[in-house]
Amino acid sequence: MSVRHVFTAAAAGVLGGFALAAPAAAQVTAAEEGGSGRGKSVLGLVLALVAVGVGAWALRSAGRAGGGNARGGAIAALVLALASMIFGGMALADSAGEVGSGNGRGGAIAGLVLALVGLVLGGVALARSRRTA
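Quick caveat, the model's predicted, so the values are computed rather than measured.

### As for the overall build of the protein
Then, number 1: When its secondary structure is counted, the protein shows five helices and zero strands.
Then, number 2: Across the 133 residues in the protein, those meeting the buried criterion constitute 32%.
Then, number 3: Long-range pairs, those at least 24 residues apart, make up 76% of the contacts in the protein between residues at least 6 apart in sequence.
Then, number 4: Total accessible area computed for the protein in this model is approximately 7,300 Å², and 68% of it derives from carbon and sulfur atoms.

### A few points about the packing of helix H3 (residues 39-62) against helix H4 (residues 70-94)
Then, number 1: It is the contact of H3 with H4, at a shortest axis distance of 7 Å, that shows an interaxial angle of 160 degrees. Relative to H4, the element H3 lies roughly antiparallel. Helix-helix and strand crossings are classified by hand; for H3 and H4 the assignment is left-handed.
Then, number 2: For the contact of H3 with H4, a count of residues per class yields 19 nonpolar, six polar and two charged.

### What about the environment of Gly123?
Then, number 1: Locating Gly123 in the fold gives a position in helix H5 (residues 105-132).
Then, number 2: Considering only alpha carbons, one finds Gly123 and Gly55, 68 residues apart in sequence, at a separation of 8.3 Å.

### Concerning the confidence of the model for the protein
Low pLDDT marks regions whose predicted coordinates should not be analysed in detail.
Then, number 1: Confidence along the protein averages 74 in pLDDT terms, with 63% of residues attaining 70 or more.
Then, number 2: Within the model, the stretch residues 29-35 combines pLDDT values under 50 with one contact to residues more than four positions away or in other chains.

### Section: the nonpolar core
Then, number 1: Core analysis: the largest hydrophobic core is formed by eight residues, namely Val52, Ala58, Leu59, Ala74, Leu78, Leu121, Ala125 and Leu126.
Then, number 2: Listing elements by their share of this core, those giving two or more residues are H3, H4 and H5.
Then, number 3: Setting aside its immediate chain neighbours within four residues, Ala125 contacts Gly55, Ala58, Leu59, Ala62 and Ala74.
Then, number 4: Counting seven residues, the second-largest nonpolar core is a separate cluster that includes Leu43, Ala51, Ala81 and Ala83.

### Some points on a nonpolar patch on the surface
Then, number 1: On the surface, Val99, Ile109, Val113 and Val117 cluster together into a nonpolar patch covering about 320 Å² of accessible area.
Then, number 2: Mapped onto the fold, Val117 is located in helix H5.
Then, number 3: What makes Val117 partly exposed here is its relative accessible area of 38%.

Basis of the calculations
Residues numbered from 1 in each chain as written. Predicted model: local features only at pLDDT ≥ 70, side-chain atom pairs only at ≥ 80, totals over all residues. Heavy atoms only, no water. Helix = DSSP H or I, 4+ residues; strand = E, 2+ residues; numbered from the N terminus. Buried < 20%, exposed > 50% of the residue type's maximum accessible area, 1.4 Å probe, protein only. Contact = heavy atoms within 4.5 Å. Areas by Shrake-Rupley, 256 points an atom, 1.4 Å probe, with all protein chains shown as cover. Axes fitted to C-alpha atoms, helices over the stretch in contact; angles between N-to-C directions. Parallel < 35°, antiparallel > 145°, perpendicular 65-115°, else oblique. Left-handed = near helix turned anticlockwise from the far one by under 90°. Nonpolar A, V, L, I, M, F, W, Y, C, P; charged D, E, K, R; others polar. pLDDT = per-residue confidence, 0-100. Core = buried A, V, L, I, M, F, W, Y, C linked by side-chain atoms within 4.5 Å. Patch = residues over 30% accessible without salt bridge, like charges linked within 9 Å, V, L, I, M, F, W, Y side chains within 5 Å. Salt bridge = Lys/Arg side-chain N within 4 Å of Asp/Glu carboxyl O.

This is how it looks when you write it as structure tokens:
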């Protein structure tokens, strides 16, 4: 898998996340009337899960001789984790209630923790891919 394919997949994931957030943004009146504000936290959580998966894949292939495209996967994991942190931070800043009130605070916190895990996995994979190259 070339670096161009990894970046294309990462960009498609981020843009797809915006497409998933569009229906939630279209229901502004429902959110103003007491609807749930979980759109951004769910998007951040999904991006974080993808970042952890891509980071784990890149870390696994970074230690091998001729590790394929571990560097591109590590960079994609870092970008996805940062995007997840942005969405999770926005959701956490927008939530008004406590965890369990249905406003997305718990999902935002879980997304931030998973994004941190994806960031660490991507960073370690990037360091290993530089060392073996």
